[in-house]
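If you want the building blocks of each chain, they are given just below.
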Number of protein chains: 2
Amino acid sequence: MDKDLILLGHGSGGRLSHQLLSELIIPTLSGIPAEGQNDAAIVTHNGQRFAFTTDSYVVDPIFFPGGNIGSLAVNGTVNDLAMMGARPLYMSVGLILEEGFGRSELAEILATMRQEADVAGIAIITGDTKVVPRGKADRIFINTSGVGILDHELTIGGNCARPGDAVIINGAIGDHGIAVMAQREGLDLQSDIRSDCAALNGLVAEILKEGEAVHVLRDPTRGGVATTIKEIALQSRVGITLREESLPLNGAVKGVCAILGLDPLYVANEGKFLAIIAPQKAEAVLARMRAHPLGRGAAVIGEVTAEKAGRVQMETVVGGMRAVEMLAGEQLPRIC
Amino acid sequence: MDKDLILLGHGSGGRLSHQLLSELIIPTLSGIPAEGQNDAAIVTHNGQRFAFTTDSYVVDPIFFPGGNIGSLAVNGTVNDLAMMGARPLYMSVGLILEEGFGRSELAEILATMRQEADVAGIAIITGDTKVVPRGKADRIFINTSGVGILDHELTIGGNCARPGDAVIINGAIGDHGIAVMAQREGLDLQSDIRSDCAALNGLVAEILKEGEAVHVLRDPTRGGVATTIKEIALQSRVGITLREESLPLNGAVKGVCAILGLDPLYVANEGKFLAIIAPQKAEAVLARMRAHPLGRGAAVIGEVTAEKAGRVQMETVVGGMRAVEMLAGEQLPRIC
């Protein structure tokens, strides 16, 4: 590996991404310390807090079971706002198109975006379109940026997990990554694995009714649950123990992962989030999740500990303990 | 031309861009009518108006005399906010990197972005980085989105030009487009043509002191002065007459344009803007411009008329009149 070149792994969301961000990008552009990094930035105007976030989408293939690059682009940014406890309000759309891209495919992607934006209740109000010559981009890349408003006084963030907290997820992991990979590789799956891509702001609004018990909300996209949990352990300076047997996992995803040697803990999700909740409210949050269409498969998957700050371990089904680290390298490039 | 495919001209900022936007992109995504299109969207919260805008940058080459893709990305979005009369506050940065891109080039671009953001007084507070395999993008694409605040009650927009208004520009046209093109084509120019890339918010703040006399502010980037003026004539349903002899133009740019058969009226600018001003305040605005480092070459270049709504004509130096239309096709691809 040439240390002077950008590698695919620098876009993985895992360890290399974190290195590039913490060594170069964040210190140069903003100087915000790593502990303060969240899915969106929070700013205050006249006592009103707003959230602001951006993401670019380069998924390959652009159409896959359960969605397309457009649904990802809308829901990904809606979810980044929701993870800060913000109500999504406004979205921008920046398109980079390759010369020769099909207008009908573009139309289908845009229609999906509008539909998903309407479902999430966010308004697309500004945009930009660039076209580059053939071979200088891959069909379509989309950037969406989003602005939301915080209707509460809660402090939610990756640095707010406390010992004793429960770690809850709203359903099965790995569906998005495996659906995209299977489509890309032309795998002929007997089972129907679809991306879980969805807007989570409605479900988050339900959970926010539990108020100060809500400490962390974060969606495990690139890098998967393992990387996201490790980030939280580092930011909050706590230990986190996961129980493998509690992890919701669809049988088909489990099967594909086993055959291909993938660990579902590192596979991207687009409709899942981790909620780290004060223990006395864990059951209440779980009940709220299960009452919502996007949370029927919710489960408590672990807990926060005071010991071993910054470390994540998993109690395996066979009874051992293994350390969970961030994704190293690149498991599945261009998954979102 | 296959009507079902995206063409380079759809990213030109000219006629084809307008068609794609008005026929497909805007009706699908937002439904905002064409007359309401400006450089940024305006939204109101608790009586406070905010501006929100986005742009992606795909310039080739990424380094050129007078700037690089990073200075463009910051100043372009700052200027889109400034053109709405907004004070730029916050910016997001979305990077799409090609595998194998040089880390030192990235570092230089990011350092430029921070420097330009500091000059403009905008804070970069959120971001995203994706990496795509070699050959799937061209080194680096940057999206910036920006949020600004309106500190005044003025209504400024492309639909606010009125008959009798003066059309003013803050200096010479075409420098950015010719600087980028000369670098790209390896032209060995005897003269030093540099991009005019700059943040215009400081100069705009000066002009806003003239209050309600300020009707339209717009920066003639892709598509050049001609396309921008035509947009304004259509949005405001007015005629506009330009005087060719008043157009500020550096001799070197004029020379290169003559040799290459380019019309400087269609060449992109990145540090210029058109101000359409009530006639009684035109001299005052001109004086404010000329007192500012970015407006020393300011000039009145034309006026708004009641006749011939939606049409733009230019009094040529030889005394004739010619119609000015939007850029047709693509003059210089990937200019920003």
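Fair warning: this is a prediction, and the values are worked out from it, not measured in the lab. (Residues numbered from 1 in each chain as written. Chains lettered and ligands numbered in written order. Predicted model: local features only at pLDDT ≥ 70, side-chain atom pairs only at ≥ 80, totals over all residues. Heavy atoms only, no water.)

### Side note on the overall build of chain A
In step 1: When helices and strands are tallied, chain A shows eight helices and 14 strands.
In step 2: Computed over C-alpha atoms, the radius of gyration of chain A comes to 19 Å, within 12% of the 20 Å expected from 2.2 N^0.38 for 336 residues, which places it in the range of a compact globule.
In step 3: In terms of overall dimensions, chain A has a C-alpha envelope of 55 × 55 × 45 Å along the principal axes.
In step 4: The buried share of chain A, reckoned over its 336 residues, is 63%.
In step 5: A separation threshold of at least 6 residues defines the contact pool for chain A, and within that pool the share at least 24 residues apart is 85%. (Helix = DSSP H or I, 4+ residues; strand = E, 2+ residues; numbered from the N terminus. Rg over C-alpha atoms; globule rule 2.2 N^0.38 Å. Buried < 20%, exposed > 50% of the residue type's maximum accessible area, 1.4 Å probe, protein only. Contact = heavy atoms within 4.5 Å.)

### Description of the interface of chain B and chain A
In step 1: Tallying the contact residues gives 76 residues for chain B and 76 residues for chain A.
In step 2: Between chain B and chain A we count six salt bridges in total.
In step 3: The salt bridge involving Lys130 of chain B is made with Asp55 of chain A; its shortest N-O contact spans 3.5 Å.
In step 4: Taken together, the links from chain B to chain A amount to 21 residue pairs in polar contact (both at pLDDT 80 or more).
In step 5: Of all elements in the fold, only helix H1 (15–29), strand S1 (41–45), strand S2 (48–57), strand S5 (87–98), helix H3 (103–120), strand S6 (123–132) and strand S7 (140–149) of chain B reach the threshold of two or more residues within the side of chain B that touches chain A.
In step 6: Here the element with the most residues in the side of chain B that touches chain A is S5 of chain B; it accounts for 10 residues.
In step 7: The class makeup of the residues in the side of chain B that touches chain A is 40 nonpolar, 21 polar and 15 charged. (Salt bridge = Lys/Arg side-chain N within 4 Å of Asp/Glu carboxyl O. Polar contact = N/O pair within 3.5 Å; in protein donor to acceptor, adjacent residues only side chain to side chain. Nonpolar A, V, L, I, M, F, W, Y, C, P; charged D, E, K, R; others polar.)

### So, the sheet that holds strand S11 (residues 274–277) of chain A
Residue and element names in this part refer to chain A.
In step 1: Read from one edge to the other, the open sheet built from seven strands follows the order S9-S11-S8-S12-S10-S13-S14, with strand pairing classed as mixed. If you trace the sheet from one side to the other, it starts and ends with strand S9 (214–218) and strand S14 (321–324), each paired once. Here the strands of the sheet are splayed against their neighbours by 25° on average, with no regard to which way each runs.
In step 2: Both S9 and S11 contribute to a ladder of four bridges, which runs antiparallel. In the sheet register, Val216 faces S11, and the bridge partner there is Ile276.
In step 3: The sheet strands contacting helix H8 (residues 282–290) are strand S8 (166–169), S11 and strand S12 (299–305), and the helix crosses S8 at an angle near 5°. (Pairing = 2+ DSSP bridges. Axes fitted to C-alpha atoms, helices over the stretch in contact; angles between N-to-C directions.)

### What about the side chain of Lys230 of chain B?
All names here are of chain B.
In step 1: Mapping Lys230 onto the fold places it in helix H6 (residues 224–236).
In step 2: There is a polar contact of 2.9 Å between the side chain of Lys230 and the backbone oxygen of Gly310.
In step 3: Ignoring anything within four residues of it in the chain, the contact list for Lys230 reads Gly310, Arg311, Val312, Val324, Glu325 and Met326.

### Some points on the pattern of salt bridges
In step 1: Within this structure, the stated rule accounts for 38 salt bridges over all chains.
In step 2: Through salt bridges that share partners, Asp60, Asp138, Arg139, Arg184 and Arg334 of chain A make up one connected network.

### A few points about the pairing of S8 of chain A
All names here are of chain A.
In step 1: Residue alternation in S8 divides its side chains into two sets, Ala166 and Ile168 and Val167 and Ile169, and both sets are buried.
In step 2: In this sheet, S11 lies alongside S8 in antiparallel orientation, the contact comprising four bridges. Of the residues in S11, the one forming a bridge with Ile168 is Ala275.

### Here we look at the sheet that holds strand S11 (residues 274–277) of chain B
The strands that make up a sheet are held in pairs by hydrogen bonds between backbone atoms, and each pair lies either parallel or antiparallel.
Residues and elements named next belong to chain B.
In step 1: Overall, mixed pairing links the seven strands, which are arranged S9-S11-S8-S12-S10-S13-S14 in an open sheet. The open sheet terminates on both sides in strands that have one partner only, identified here as strand S9 (214–218) and strand S14 (321–324). Here the average twist between neighbouring strands, direction ignored, is 25°.
In step 2: The strands touched by H6 are strand S8 (166–169), S9, strand S10 (239–243), S11, strand S13 (312–315) and S14; relative to S9, the strand with the most contacts, the crossing angle is about 140°.
In step 3: The strands touched by helix H8 (residues 282–290) are S8, S11 and strand S12 (299–305); relative to S8, the strand with the most contacts, the crossing angle is about 5°.

### Thoughts on the relation of the copies chain B and chain A
In step 1: Superposition of chain B onto chain A requires a rotation of 180° combined with a translation of 0.0 Å along the rotation axis, giving an RMSD of 0.0 Å. Those values place the two copies in the arrangement expected of a two-fold rotation axis. Among all residues of chain B, the one whose C-alpha sits closest to the rotation axis is Ala137 of chain B, at a distance of 2.1 Å. (Least-squares fit on C-alpha atoms with pLDDT ≥ 70 in both.)

### What to know about helix H1 (residues 15–29) of chain A
In step 1: Helix length check: H1 of chain A, at 15 residues, gives a terminal C-alpha distance of 20 Å against a target of 21 Å (1.5 Å per residue), a fit within 8%.
In step 2: By the largest-angle criterion, Leu21 of chain A marks the main kink of H1 of chain A, which is about 45°.
In step 3: Turning to H1 of chain A, its buried residues number three or more, namely Leu16, Ser17, Leu20, Leu24, Ile25, Ile26, Thr28 and Leu29 of chain A.
In step 4: Among the structural elements, S5, H3 and S6 of chain B are those in contact with the buried residues of H1 of chain A. (Expected span 1.5 Å × (residues − 1). Bend = angle between axes of the 7 residues up to and from the residue.)

### As for the environment of Phe64 of chain B
All names here are of chain B.
In step 1: Within the element layout of this structure, Phe64 appears in strand S3 (residues 63–64).
In step 2: For Phe64, a relative accessible area of 6% corresponds to the buried category.
In step 3: Along the chain, Phe64 and Ala166 lie 102 residues apart, while their C-alpha atoms are 34 Å from each other.
In step 4: Setting aside anything within four residues of it in sequence, one finds Phe64 in contact with Val59, Ile69, Leu72, His176, Val180, Gln183 and Ser195.

### Details of the packing of aromatic side chains
In step 1: All told, the structure shown has three aromatic pairs over all chains when counted by the stated rule.
In step 2: When the ring centre of Tyr57 of chain B is taken as origin, the NZ or CZ atom of Lys130 of chain A, which lies over that ring, is 5.5 Å away. (Phe/Tyr/Trp six-rings, centres within 6.5 Å; stacked < 30°, edge-to-face > 60°. Lys NZ or Arg CZ within 6 Å of the ring centre and 35° of its normal.)

### So, unusual backbone geometry
In step 1: Residue Pro61 of chain A follows Asp60 of chain A across a cis peptide bond; omega there is 5°.
In step 2: Assignment of secondary structure puts Pro61 of chain A in the loop between strand S2 (48–57) and strand S3 (63–64).
In step 3: Here the phi dihedral of Asn46 of chain A falls at roughly 50°; this positive angle occurs in a residue that is not glycine.
In step 4: Owing to a relative accessible area of 76%, Asn46 of chain A belongs among the exposed residues under this scheme.
In step 5: The residue Arg139 of chain B is not glycine, and still its phi comes out positive at about 65°.
In step 6: The topology assignment puts Arg139 of chain B in the loop between S6 and S7.
In step 7: On the accessibility criterion, Arg139 of chain B (25% relative accessible area) is partly exposed.

### Description of the pairing of strand S10 (residues 239–243) of chain A
Residue and element names in this part refer to chain A.
In step 1: With five of five residues buried, S10 lies mostly within the body of the structure.
In step 2: Side-chain alternation along S10 places Gly239, Thr241 and Arg243 on one buried face and Ile240 and Leu242 on a second face that is also buried.
In step 3: The pairing of S10 with S12 spans four bridges and is antiparallel. Paired with Leu242 across the strands is Gly302, a residue of S12.

### Brief notes about H6 of chain B
Residue and element names in this part refer to chain B.
In step 1: Counted at 1.5 Å a residue, the expected span for H6 with its 13 residues is 18 Å, and the 19 Å between its end C-alpha atoms agrees.
In step 2: With 12 of 13 residues buried, H6 is to be regarded as a mostly interior element.
In step 3: Every buried residue of H6 is accounted for by Gly224, Val225, Ala226, Thr227, Thr228, Ile229, Lys230, Glu231, Ile232, Ala233, Gln235 and Ser236.

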